[in-house]
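# Close look at the chain arrangement
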Amino acid sequence: MALLRFAARGKELVPGVFRQSVFPAVQVLGQKSWERHMSGHVSMVGRNFLTLKDFSPSEIQQILWTAADLKARIKGTGELYTPLVGKSAGLIFQKRSTRTRLSTETGVGLLGGQPCFLSPDDIHLGVNETVKDSAKVLSGFVDLILARVYGHEDLESLATEGSVPIVNGLSELYHPLQILADMQTLQDHFGNLRGLTVAWVGDGNNIIHSFMMGAPKLGVNLKIATPKGYETYPNVTKDAEELAKQYGTQMYHTNDPRDACEGANVLVTDTWISMGQEEEKLDRLKAFQGYQVTHKLGEVAAKDWVFLHCLPRKQEEVDDAVFYSDRSLVWPEAENRKWTVMAVILSLLKDHVCMTPKPDF
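Residues numbered from 1 in each chain as written. Predicted model: local features only at pLDDT ≥ 70, side-chain atom pairs only at ≥ 80, totals over all residues. Heavy atoms only, no water.

## Considering the overall build of the protein chain
Selection rule: To qualify as a helix, a DSSP run of H or I must reach at least 4 residues; to qualify as a strand, a run of E must reach at least 2; elements of each kind are numbered from the N terminus. When a residue's accessible area, from a 1.4 Å probe over protein chains only, is under 20% of the maximum for its type it is buried; when over 50% it is exposed; and in between it is partly exposed. By definition, residues are in contact when any of their heavy atoms lie within 4.5 Å. Here the Shrake-Rupley method, with its probe set to 1.4 Å, supplies the accessible areas, and only the displayed protein chains count as covering residues.
Along the protein chain, the regular secondary structure elements total 13 helices and eleven strands. The 361 residues of the protein chain split such that 54% are buried. A separation of at least 24 residues holds for 73% of the contacts in the protein chain among residues at least 6 apart in sequence. A total accessible area of about 16000 Å² is found for the protein chain, and carbon and sulfur atoms account for 51% of it.

Right under this line is the structure:
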């Protein structure tokens with residue numbers, strides 16, 4: 001049976017029918033047309049999302065396209081789209097969070113699913129019960145697990161022992177959800193990603209590790225400035241350099257923030273003191289002197305440079321003049337955490353077909 005879509009902007013939808021303002025007013029998709037629309041689609045149903053290292057360029061682009069599609073349809077047109085009715089997601093949080101928790105809970109709910117939050121008071125992962133046992137128990141209750149943990153090995157154990165998709169909500173090694181939000185924000189702002197140069201000014205932490213796994217696959221160059229002794233992990237650096245070579249992008253490491261920012265389109269920083277590093281605060285503040293992002297630092301960047309920060313932000317990392325300026329994209333960046341985590345969860349649970357045109361990445 002052909003699928004009828006009525007797509008005039010602002011019109012009421014027939015129940016069970018998609019509104020699509022970017023297509024002609026009436027469009028009929030028969031079986032062959034539907035198959036053509038599906039061409040190039042890669043199914044990610046049932047997979048784990050632990051690091052962007054595990055995903056191809058086309059798969060990352062498909063996730064970003066899905067995020068843009070959901071944002072345009074749900075936020076842009078008010079479409080009620082609930083493909084996850086009857087699905088539930090367990091959310092394990094060893095570390096507190098604002099953006100990851102709210103984006104996931106509200107996002108799963110918008111898609112019709114049921115989020116189930118588990119704080120350290122609710123589940124003592126690996127303490128009262130082994131990670132292996134918790135993975136098996138939770139797999140019987142929920143359709144997907146998102147975990148925000150300290151050790152990346154806990155995510156790997158969940159993935160090995162569980163029978164449902166595992167999503168990395170943050171580990172000490174990677175934070176891939178944040179990079180998807182950053183890439184969606186840059187795509188929205190610049191219109192494409194290929195050829196952009198991102199300058200990282202800060203700690204060699206999980207955020208830059210995830211940039212290093214994803215940027216080369218999207219044609220984005222990286223210039224990374226970290227203080228001596230706070231460089232990116234050697235094994236991550238090795239993998240990233242191989243990716244840059246494979247995809248023809250540049251990756252450059254330095255201990256000079258000004259050197260990294262020269263000619264860059266995007267200046268990015270993050271906290272200098274992550275959760276669990278509080279005892280290192282004084283040493284870190286001393287080591288990161290000169291790493292604050294300011295307009296002075298931006299003088300050597302490209303004329304169109306913009307600023308990103310995953311939040312929460314402290315003033316020593318970036319001054320108010322940059323953080324609250326027109327160059328700062330931190331608020332849409334934060335909002336895009338929602339659309340990108342929705343895209344990841346949906347992609348791992350259902351074969352979603354985007355109804356909006358594919359962005360020019």
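The discussion continues.
## Notes on the side chain of Asp 69
What counts here: Polar contact is the term for a pair of N or O atoms within 3.5 Å; when the atoms are in protein, one must be able to donate a hydrogen and the other to accept it, and sequence-neighboring residues count only if both atoms are side-chain atoms.
You can see Asp 69 is positioned in helix 2 (residues 57–76). Engagement of the side chain of Asp 69 in a polar contact is seen with the side chain of Arg 73, the distance being 2.7 Å. Leave out the neighbours within four places in its chain, and Asp 69 touches His 352, Val 353, Cys 354, Met 355 and Thr 356.

## Quick word on the environment of Gln 187
Relative to the helices and strands, Gln 187 resides in helix 6 (residues 176–190). Relative accessible area serves as the criterion here: at 10%, Gln 187 is assigned to the buried category. Sequence separation of Gln 187 and Leu 64 is 123 residues, and the distance between their C-alpha atoms is 9.1 Å. Sequence-distant contacts of Gln 187, defined by excluding residues within four places in its chain, comprise Asn 192, Leu 193, Pro 359, Asp 360 and Phe 361. Looking at Gln 187, its side chain comes within polar contact range of the main-chain oxygen of Asp 360, at 3.3 Å.

## Focus on the pairing of strand 5 (residues 144–148)
Put simply, the rule reads: Strands qualify as paired when DSSP identifies two bridges or more between them. Throughout, right-handed denotes a crossover for which the path from the first strand over the helix to the second runs clockwise when the strands point away from the viewer.
For strand 5, a buried count of five out of five residues is recorded, marking the element as mostly surrounded by other parts of the structure. Side chains Leu 144, Leu 146 and Arg 148 of strand 5 all project onto a buried face; the interleaved residues Ile 145 and Ala 147 project onto the opposite face, where all are buried too. As paired elements, strand 3 (residues 88–93) and strand 5 share five bridges and run parallel to each other. Following the sheet pairing, Ile 92 is matched in strand 5 by Ala 147. Each parallel crossover has a hand, and the one from strand 5 via helix 5 (residues 152–161) to strand 6 (residues 166–170) is right-handed.

## Here we look at the pairing of strand 7 (residues 197–201)
Taken across its five residues, strand 7 has five buried, putting it largely inside the fold. What you see with strand 7 is no split at all: Thr 197, Ala 199 and Val 201 on one side and Val 198 and Trp 200 on the other are buried throughout. Where strand 7 lies against strand 8 (residues 221–225), five bridges are found, and the strand directions are parallel. The residue of strand 8 that forms the bridge with Trp 200 is Ile 224.

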